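Analysis of the macromolecular model
Listed below, chain by chain, are the residues.
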Amino acid sequence: MDEIASHYASALYELLPEGKREEGDQALALVCHALEESEDLRKALCSYAFSTEEKEKALDALFPALAKIPHVLPFLKIVARNHRFGDFPAIASSFHAMLNADLGVKEGIAYSAFPLSEEEKAALEEAFSRKLGAKVELMVVMDPHLIGGVKVALEGKVYDGTVKNRLSELRARLKNGGNAQ
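First, a word on scope: everything that follows refers to the structure included in this document. Fair warning: this is a prediction, and the values are worked out from it, not measured in the lab.

For the protein, the helix and strand inventory stands at 8 helices and 4 strands. Going from N to C terminus, the protein has its helices and strands arranged as α-α-α-α-α-α-β-α-β-β-β-α. Computed over C-alpha atoms, the radius of gyration of the protein comes to 21 Å, more than 25% over the 16 Å expected from 2.2 N^0.38 for 181 residues, which places it beyond the range of a compact globule. When the backbone C-alpha atoms are referred to their principal axes, the protein occupies close to 75 × 35 × 30 Å. Counting the 181 residues in the protein, one finds 34% classified as buried. Put simply, 66% of the contacts in the protein that link residues at least 6 apart link residues at least 24 apart. Counting every atom, the protein has about 11,000 Å² of accessible surface; 54% of that belongs to carbon and sulfur. The centroid of the 22 positive side-chain charges in the protein is displaced by 6 Å from the centroid of its 28 negative side-chain charges.

Next comes the structure, spelled out in structure tokens:
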């Protein structure tokens, strides 16, 4: 994780009371989503052509509901003042990882040849949550090298349910005369 982003995320994390950290996480996700959806907004907040005051007024106008969560809107203004909106996705991601660590949520990556629907992703997270006895949150990454199936990297382990892996296991069993290894 980017060191600067981590410092910003840590600062906000420490400022927010424990009961407000999940709201802070949702607020950062909302801002991230707005930046992803609007290239103009992202460019404006990253630009040196706009003054700090203009950026702060824009943040007030675009995100008035965030004023209800302590420290979040002032934090956004500091990010703007320090010209760090280019790092914002990494800041939000770092904050989210800190929150998950405190809540005992395990983070992992699901590699798939095809996009997973929200229902498929939720089912996969639920299956791993039951297996590990803790809430699991997966980020889905497309891997065009996979033929099909899903490979999950979680807690230093890889759970490989891909077609390629199944074919390799079948090949190995056949080489052993059909006996399991």
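Let us look at the state of the cysteines. Scanning all chains against the criterion turns up 0 disulfides. Looking at C32, it has no disulfide partner, and the nearest cysteine sulfur is the one in C46, 11 Å off. On the accessibility criterion, C32 (12% relative accessible area) is buried.

Moving on, we come to the sheet that holds strand β4 (residues 157–162). Within a sheet, each strand pairs with its neighbour through backbone hydrogen bonds, oriented either parallel or antiparallel. Strand order in the open sheet formed by 4 strands is β2-β1-β3-β4, with mixed pairing between adjacent strands. A strand with exactly one partner marks an edge of an open sheet, and here the two such strands are β2 (136–142) and β4. The mean angle between the axes of side-by-side strands here comes to 20 degrees, regardless of whether they run parallel or antiparallel. Against the sheet, helix α8 (residues 163–175) makes contact with β3 (149–154) and β4, and its axis sits at roughly 85 degrees relative to β4, the strand it touches most.

Moving on to the side chain of S129. Note that S129 resides in helix α7 (residues 118–132). S129 has contacts with A134, K135 and V136, leaving out every residue within four places of it along the chain.

Every buried residue of helix α4 (residues 52–62) is listed here: K55, E56 and L59. Down the axis, α4 shows its buried residues gathered within 100 degrees of arc, on one side only. Exposed and facing more than 90 degrees away from the buried side of α4 are E53, K57 and A61. In this fold, the buried residues of α4 make contact with α3 (39–46) and α5 (72–81).

Applying the stated criterion to the full structure yields 9 salt bridges. Two residues, R21 and D102, come together in a salt bridge whose shortest N-O distance is 3.8 Å. Residue R21 is located in helix α2 (residues 21–37), and its partner D102 is located in helix α6 (residues 88–103); the two are separated by 81 residues in the primary sequence. When its relative accessible area of 53% is taken as the criterion, D102 is described as exposed. Between K43 and E39 there is a salt bridge; the shortest N-O distance is 3.0 Å. Within this pair, K43 and its partner E39 are both found in helix α3, separated by 4 residues, close to a single helical turn. Here E39 falls in the partly exposed class, since its relative accessible area comes to 42%.

Definitions and cut-offs
Residues numbered from 1 in each chain as written. Predicted model: local features only at pLDDT ≥ 70, side-chain atom pairs only at ≥ 80, totals over all residues. Heavy atoms only, no water. Helix = DSSP H or I, 4+ residues; strand = E, 2+ residues; numbered from the N terminus. Rg over C-alpha atoms; globule rule 2.2 N^0.38 Å. Buried < 20%, exposed > 50% of the residue type's maximum accessible area, 1.4 Å probe, protein only. Contact = heavy atoms within 4.5 Å. Areas by Shrake-Rupley, 256 points an atom, 1.4 Å probe, with all protein chains shown as cover. Lys, Arg positive; Asp, Glu negative; His and termini not counted. Charge placed at Lys NZ, Arg CZ, Asp CG, Glu CD. Disulfide = S-S within 2.5 Å. Pairing = 2+ DSSP bridges. Axes fitted to C-alpha atoms, helices over the stretch in contact; angles between N-to-C directions. Arc of directions from axis to C-beta. Salt bridge = Lys/Arg side-chain N within 4 Å of Asp/Glu carboxyl O.

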